[in-house]
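One-letter residues, chain by chain:
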Amino acid sequence: MNGFVYFLQEIINGVVAGMGYAVVAVGMNLILGTMKVINFAHGSFYMLGAFVAAAMISVMHLPYWMATIVALLFVGLVGVLSDISIVRQLREKDEMSVMIATLGLSTLITNVAQLIFGANPEQVGSPYQQSVIAMGQIRVSVQNTLVVGVGVLLLIVMYFVINRTKIGFKLHATAQNSEGARLNGINVKLVYTITFGVGCALAALSGILVGSTTTIFTSMGSSALITSFIVVVLGGMGSITGTILAALILGVLQAMVAGYLSGTYLDLVGYIIMVVILLIRPQGLMGGRPLS
Amino acid sequence: MKKISRIIAWVVVLCLALLPLLGVNGLLLQTLIMIGVFAGLSMATDLIIGYIGELSFGQPAFFAVGAYTAAKLVTTNPQMSFFVILLVSIVVTAVFGVIIGGISLRLQGPFFAMLTFGMSGILATLANNWSSFTGGSNGLPGIPPLQIGGLMFTKPVYYWYFIFVLCLIVYAVSRILLSGRTGRAILSSRDNSGLASALGINVFRYKLLTFVVSSILSGLIGVFYAYYIGYVSPDLFGIYFLQMTLSMVVIGGKGTLIGPVIGSVILTSASNYIQLKPEWNLIIFGLVTILALIFFPKGIVSAFTHIVERRNHKTDELKSMEGYDDTEVRTVNG
């Protein structure tokens, strides 16, 4: 394999990883941009989605797409219930309580999952794992193509829902001025609950898609959480396009570091990016406007 | 009222000091020592959560830095005096405190939380991967028993006295920090930073001071913990210590210093005596923390002082009204 092909292969790996990051981070950013809440349980929803889908496939013998839908609905429901029972109660009080409470929720979900699913690593069984598309010397697995395809499709749909539909307008109004939105007859609490549920379901979707390309384990939520943070910070709070761009940048950068330097300090790259961005440009690459 | 609570406090301290003479050992002593570790750590956390008013996810990191510093020094040079180790650990955690605090205190709210989270993540990654220095995921094993002067810490009772004194030091240092001019400056920076800086208080400097003191105290507890357990590993950076200390501060009552101690007594005894799987422990603690935040946002201590204050307040109010004497007050209250 010559140098250029190796380079291209790394770029492709980076884009695939980046699309996985984009889906989970868009979920976090949707919640942050609309509700002004940082969901520290986001990583555990990512993990939960992957494990529920894996169980649906291996125990209930559902087909891949059906298991995905069941897992998304389940995690979405857990998200809706979490919002009603926890976030809604604390949002008005102060943001520190919400942060501590969602961290507690994360501990809760992670350990319940550990009791149910055990500590052994598993995999989301996908029919597309083995097949590979070869273009010359470059090889891409069908599952990876699926990750990118679903990611792109989903983000296009999100873009249109947010910018072209009635519910999107309600979302915009709530994000910009919740008090004003309420005075105009928008059920702000309902918008928040739906946003939280959809955000959590997005985290789960990323977990399911990525979970078929690598092994999953119940403690993987914390690294997903940190990656989402980094992407949200880099892309800018509340900016969906910024999030996608940032996710791709992070994915490609990490693939380059892993491919040319070493895989050991992969996490370090993300942390350093986050700290530097927070210090020199806290609004992120494309931040500043809510939900653009 | 204040007098009574002070007397109660001294009685409790005295009882705790005399406890081992009653032949306390085994699980109870082990529990008491762990209560001490968590009480010290959560008091240090409370300095940031309760008195700076920001959520720090970096407290276990300072605890771990203290533990790693002591472990590294004592395993490379077993002859080194404990006081030198203590001094070096204080300097190292102070330096980390100045760097991390100096960077993260420039931001607030979720940004502060994320920065402390990220920076403790950097340290955890280093502890996990810089194998030649930190021992990688195995950590640094083989820390010899603590030796101060000629005294070898062979029995657990010695460790109990040590952590007991350490907790008193943590409490005393925090109280000294929070009293007088400095304390008022810290409190006003928390309550209204705009007004405080308009009055000429350097808000950032006082917050940094509190942060660094908190990190030194966490580091000291970490030094003790390294000796007590006998090894250090990257687990010290993990979610377990973070969740435990945050739960203790929330359940006990943030911004009270004594609340976190009560929180650690409750949670540590619960986890040591109700011997469940560790998963169940964390599930229960996560749940209790969420419930506490919703129903008891000011914690156990504040619930108690609130009742006392309300009773005092009622009596004062009635007394100040004309035409009421003590007998009438009593009938009204009864």
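For clarity, every value in this text was computed on a predicted model and none was experimentally measured. (Residues numbered from 1 in each chain as written. Chains lettered and ligands numbered in written order. Predicted model: local features only at pLDDT ≥ 70, side-chain atom pairs only at ≥ 80, totals over all residues. Heavy atoms only, no water.)

Let's talk about the overall build of chain B
Inclusion rule: Numbering of helices and strands runs from the N terminus, with a helix taken as a DSSP run of H or I at least four residues long and a strand as a DSSP run of E at least two residues long. For the exposure calls, accessible area comes from a 1.4 Å probe over protein chains only, and a residue counts as buried if that area is under 20% of its type's maximum, exposed if over 50%, partly exposed in between. Contacts are assigned to residue pairs that have any heavy atoms within 4.5 Å of one another. Computed with the Shrake-Rupley method and a 1.4 Å probe, the accessible areas treat only the protein chains shown as cover for residues.
Within chain B, the regular secondary structure consists of 15 helices and two strands. The proportion of buried residues among the 334 residues of chain B is 50%. A fraction of 76% describes how many contacts in chain B between residues 6 or more apart in sequence connect residues 24 or more apart. Just so you have it, chain B exposes about 16,000 Å², and 66% of that area is on carbon and sulfur atoms.

Focus: the overall build of chain A
Note the following rule: C-alpha atoms define the radius of gyration in this analysis, and the globule rule sets the expected value at 2.2 Å times the number of residues to the power 0.38. Only four residue types enter the charge count, namely Lys and Arg as positive and Asp and Glu as negative; His and the chain termini do not. Here the site of a charge means atom NZ of a Lys, CZ of an Arg, CG of an Asp or CD of a Glu.
Each helix and strand counted, chain A has eleven helices and two strands in total. Here the C-alpha atoms of chain A give a radius of gyration of 19 Å, agreeing with the 19 Å that 2.2 N^0.38 yields for 292 residues. For chain A, the spread of C-alpha atoms along the principal axes amounts to about 65 × 45 × 35 Å. When burial is assessed residue by residue, chain A has 53% of its 292 residues classed as buried. Within chain A, contacts between residues separated by at least 24 positions form 78% of all contacts whose residues are at least 6 apart in sequence. About 12,300 Å² of surface is accessible on chain A, with carbon and sulfur atoms providing 68% of the total. Counting 12 positive and 8 negative side-chain charges, chain A places the averaged centre of each group 13 Å from the other.

Remarks on the environment of Phe211(B)
Residues and elements named next belong to chain B. Position of Phe211 among the secondary structure elements: in helix H10 (residues 203-229). A C-alpha to C-alpha distance of 17 Å links Phe211 and Pro110, two positions 101 residues apart in sequence. If we ignore the near neighbours within four places in the chain, the residues touching Phe211 are Ile48, Ile52, Phe62, Gly97, Ile100, Gly101, Leu105 and Phe112.

Description of the pairing of strand E1 (residues 132-135) of chain A
Spelled out, the test is: One bridge is not enough; two strands pair if DSSP finds at least two bridges between them.
As paired elements, E1(A) and strand E2 (residues 138-141) of chain A share four bridges and run antiparallel to each other. Bridge pairing links Val132(A) to Ser141(A) in E2(A).

Things to note about the interface of chain A and chain B
Quick reminder of the rule: Definition used for salt bridges: Asp or Glu carboxyl oxygen within 4 Å of a side-chain nitrogen of Lys or Arg. Polar contacts here mean pairs of N or O atoms no more than 3.5 Å apart (in protein, one a potential hydrogen donor and the other a potential acceptor; neighbouring residues in sequence count only if both atoms are side-chain atoms).
The interface is formed by 39 residues belonging to chain A together with 40 residues belonging to chain B. Across the contact surface, chain A and chain B share one salt bridge. Where Asp94(A) meets Lys254(B), a salt bridge forms, and the shortest distance between an N and an O atom there is 3.8 Å. Seen at the junction of chain A and chain B, the total is two residue pairs in polar contact (both at pLDDT 80 or more).

Section: a nonpolar patch on the surface
Residues and elements named next belong to chain B. Selection rule: Patch membership needs two things, relative accessible area over 30% and no salt bridge, and members are linked within 9 Å if like-charged or within 5 Å if nonpolar (Val, Leu, Ile, Met, Phe, Trp, Tyr).
On the surface, Leu27, Leu28, Tyr273, Ile274, Leu276, Trp280, Ile284 and Val288 cluster together to form a nonpolar patch covering roughly 670 Å² of accessible area. Every element with two or more residues in the nonpolar patch is listed here: helix H2 (26-52) and helix H13 (278-295). Residue position: Leu276 is located in the loop between helix H12 (258-273) and H13.

Quick notes on the UniProt feature "transmembrane region" (unreviewed entry) in chain A
All names here are of chain A. Stated formally: UniProt positions are given in the numbering used here, feature names are shortened, and annotations may be inferred rather than shown by experiment.
The positions UniProt marks with the feature "transmembrane region" (unreviewed entry) are residues 12-32, 39-58, 64-86, 98-120, 140-162, 190-210 and 268-286. Annotation note: span residues 12-32, helix share 100%, strand share 0%, distance between end C-alpha atoms 29 Å. As annotated, residues 39-58 has a helix share of 85% and a strand share of 0%, and its two end C-alpha atoms lie 30 Å apart.

Describing the pattern of salt bridges
Residue and element names in this part refer to chain A. Scanning all chains against the criterion turns up four salt bridges over all chains. As a salt-bridge pair, Arg91 and Glu92 come within 3.4 Å of each other at their nearest N and O atoms. The class for Arg91 is partly exposed, based on a relative accessible area of 23%.

Topic: helix H3 (residues 64-91) of chain A
Going by this rule: The reported bend at a residue is simply the angle between two axes, fitted to the 7 residues ending at it and to the 7 residues beginning with it.
Helix geometry: H3(A) is bent most strongly at Asp83(A), by close to 45°. For H3(A), the full list of buried residues reads Tyr64(A), Ala67(A), Thr68(A), Ala71(A), Val75(A), Gly76(A), Gly79(A), Ser82(A), Asp83(A), Ile86(A), Val87(A) and Leu90(A). Along its buried surface, H3(A) packs onto helix H1 (3-35), helix H2 (42-58), helix H4 (95-117), helix H5 (142-164) and helix H8 (188-211) of chain A together with H13 of chain B.

Here's the deal with the environment of Thr214(A)
All names here are of chain A. Summarising the element assignment, Thr214 is placed in the loop between H8 and helix H9 (221-235). Given the relative accessible area of 35%, Thr214 is considered partly exposed. Distance from Thr214 to Met256, taken between C-alpha atoms, is 19 Å for residues 42 residues apart in sequence.

So, the packing of aromatic side chains
Residue and element names in this part refer to chain B. What counts here: Between the rings of Phe, Tyr and Trp (Trp by its six-membered ring), a pair exists once the centres lie within 6.5 Å; its type follows the angle of the planes, with under 30 degrees stacked, over 60 edge-to-face, and the other angles tilted.
Taken as a whole and judged by the stated rule, the model has 26 aromatic pairs over all chains. Between Phe57 and Phe117 the ring centres are 5.4 Å apart and the planes differ by 70°, which places this aromatic pair in the edge-to-face class. Taken together, the residues span a long stretch of sequence, with Phe57 in the loop between H2 and helix H3 (59-76) and Phe117 in helix H5 (residues 109-129) at a distance of 60 residues. Judged by its relative accessible area of 3%, Phe57 falls in the buried class. Under the relative-accessibility criterion, Phe117 is labelled buried at 12%. A centroid spacing of 5.7 Å and a plane angle of 20° characterise the contact between Phe162 and Phe224, whose relative ring orientation is stacked. Placement of the pair is Phe162 in helix H7 (residues 156-178) and Phe224 in helix H10, with a sequence separation of 62 residues. Connected via pairs of aromatic rings, a cluster forms that spans Phe82, Phe83, Tyr159, Phe162, Phe224, Tyr227 and Tyr228.

Some points on the UniProt feature "transmembrane region" (unreviewed entry) in chain B
Residue and element names in this part refer to chain B. In the numbering adopted here, UniProt assigns the feature "transmembrane region" (unreviewed entry) to residues 60-76, 82-104, 158-178, 208-230 and 282-304. Along residues 60-76 one finds 100% helix and 0% strand; the C-alpha atoms at either end are 24 Å apart. Taken end to end, residues 82-104 comprises 100% helix and 0% strand; its first and last C-alpha atoms sit 32 Å apart.

A closer look at the confidence of the model for chain B
For residues with low pLDDT, the predicted coordinates do not support detailed interpretation. All names here are of chain B. Our working rule: pLDDT measures the predictor's confidence residue by residue and takes values from 0 up to 100.
On average, chain B scores 83 in pLDDT, and the residues at 70 or more come to 89%. The least confident element of chain B, judged by mean pLDDT, is helix H15 (residues 326-333) at 42; the most confident is H10 at 92. Every residue in residues 322-334 scores below 50 in pLDDT, and together they form ten contacts with partners more than four places removed in sequence or on other chains. Here the prediction assigns the complex a pTM of 0.86, and the interface score ipTM is 0.85.

What about the side chain of Thr195(A)?
Note on placement: Thr195(A) falls in helix H8. What Thr195(A) contacts, discounting residues up to four positions off in sequence, is Leu30(A), Ile31(A), Thr34(A) and Leu171(A).

Here's the deal with the confidence of the model for chain A
Model confidence for chain A is summarised by a mean pLDDT of 85, while 97% of its residues fall at 70 or above. Of all helices and strands in chain A, the one with the weakest mean pLDDT is E1(A) (76), whereas H2(A) scores best (92).

Regarding the side chain of Ser106(A)
All names here are of chain A. Along the chain, Ser106 falls in helix H4. Given the relative accessible area of 13%, Ser106 is considered buried. Beyond its immediate sequence surroundings of up to four residues, Ser106 is in contact with Phe40, Ala41 and Ser44.

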